[in-house]
Amino acid sequence: MRHTIAILLENEAGALSRVAGLFSARGYNIESLTVAPTQDPSMSRMTLVTRGSDEVIEQITKQLNKLGDVIKLVDLTEGAHIERELLLLKVKVLDTHEREEIKRLSDIFRARIIDVAESTYTIEMTGSGDKIDAFLKAVEPRLIMEVVRSGTSGIVRGSQSLQS
């Protein structure tokens, strides 16, 4: 089963490496990983996506909680939460038909064309991983030049917070 885990950790050198090392040492795979400082520069927030049985996820969370850098950890999958991903997509648009088709698809999926060049468009889109996957399937493969995905970011719904 897919699990999205939010981790608040000390913003210091090696913290990310220790988390990744824990997964590597135990043979667990990280499907997606995003990390950035919080409003408190001494802390970072990590959103990590992995797969495993409930027992495996329990082991992972116990091991993560033992790391000195980890302040707090929440398995977002256990409750109501919101997940989003950012896509940057560069496509070839060599003729009017291709330009119109990309504009149409962008409108349907609520994506934005953020850069226009003579023969390319760069598109920005946020949404669930499924929405981004659907958009990429809808674009003709021969037009795709480059795909950049941020990985999943997630937050608990309602008034609860990882920092409270």
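Computed from a predicted structure; not experimentally measured.

Reading the values: rules and limits
- Residues numbered from 1 in each chain as written.
- Predicted model: local features only at pLDDT ≥ 70, side-chain atom pairs only at ≥ 80, totals over all residues.
- Heavy atoms only, no water.
- Helix = DSSP H or I, 4+ residues; strand = E, 2+ residues; numbered from the N terminus.
- Buried < 20%, exposed > 50% of the residue type's maximum accessible area, 1.4 Å probe, protein only.
- Contact = heavy atoms within 4.5 Å.
- Salt bridge = Lys/Arg side-chain N within 4 Å of Asp/Glu carboxyl O.
- Pairing = 2+ DSSP bridges.
- Axes fitted to C-alpha atoms, helices over the stretch in contact; angles between N-to-C directions.

K.L.:
Can you help me understand the overall build of the chain in this one?
P.N.:
Within the chain, the regular secondary structure consists of four helices and nine strands. Counted from the first residue to the last, the chain has its helices and strands arranged as β-α-β-β-α-β-β-α-β-β-α-β-β. With respect to the principal axes defined by its C-alpha atoms, the chain has extents near 55 × 35 × 30 Å. Counting all 164 residues of the chain, 37% fall into the buried class. Put simply, 73% of the contacts in the chain that link residues at least 6 apart link residues at least 24 apart.

K.L.:
Sorry if this is basic, but what is going on with the pattern of salt bridges here?
P.N.:
Opposite charge on two side chains allows them to pair when their charged atoms are near. Per the stated rule, a full pass over the model turns up eleven salt bridges. For Lys 62, the salt bridge goes to Glu 58, with nearest N and O atoms at 3.2 Å. Taken together, the residues span about one helical turn, with Lys 62 and Glu 58 both in helix α2 (residues 54-66) at a distance of four residues. For Lys 62, a relative accessible area of 44% translates into the label partly exposed. One network of salt bridges, in which partners are shared, links Glu 85, Asp 133 and Arg 149.

K.L.:
I tried to follow unusual backbone geometry on my own but got confused; where do I start?
P.N.:
Leave glycine aside and you will find that most residues have negative phi; peptide bonds, for their part, are mostly trans. Positioned with a positive phi, Arg 110 is a non-glycine residue whose angle comes to about 55°. Residue placement: Arg 110 occurs in the loop between α3 (96-108) and β6 (112-116).

K.L.:
Even after reading the chapter, I still don't get the sheet that holds strand β4 (residues 70-75), so can you show me in this structure?
P.N.:
Two pairing modes exist for strands in a sheet, parallel and antiparallel, and in both the strands are linked by backbone hydrogen bonds. The strand order across the open sheet formed by four strands is β2-β3-β1-β4, and the pairing between neighbours is antiparallel. Where the open sheet ends on each side, the last strands, each with one partner, are β2 (32-37) and β4. Sheet twist, expressed as the average angle between the axes of neighbouring strands with direction ignored, equals 15°. Taken strand by strand, helix α1 (residues 15-25) contacts β1 (2-10), β2 and β3 (43-51), and its axis lies near 15° from that of β3. Sheet contacts for α2: β1, β3 and β4; angle to β4, the most-contacted strand, approximately 165°.

K.L.:
What exactly am I supposed to notice about the side chain of Thr 122 here?
P.N.:
Its location among the elements puts Thr 122 in strand β7 (residues 120-127). Those residues in contact with Thr 122, other than ones at most four positions away along the chain, are Leu 89, Lys 90, Arg 112, Ile 113, Ile 114 and Asp 115.

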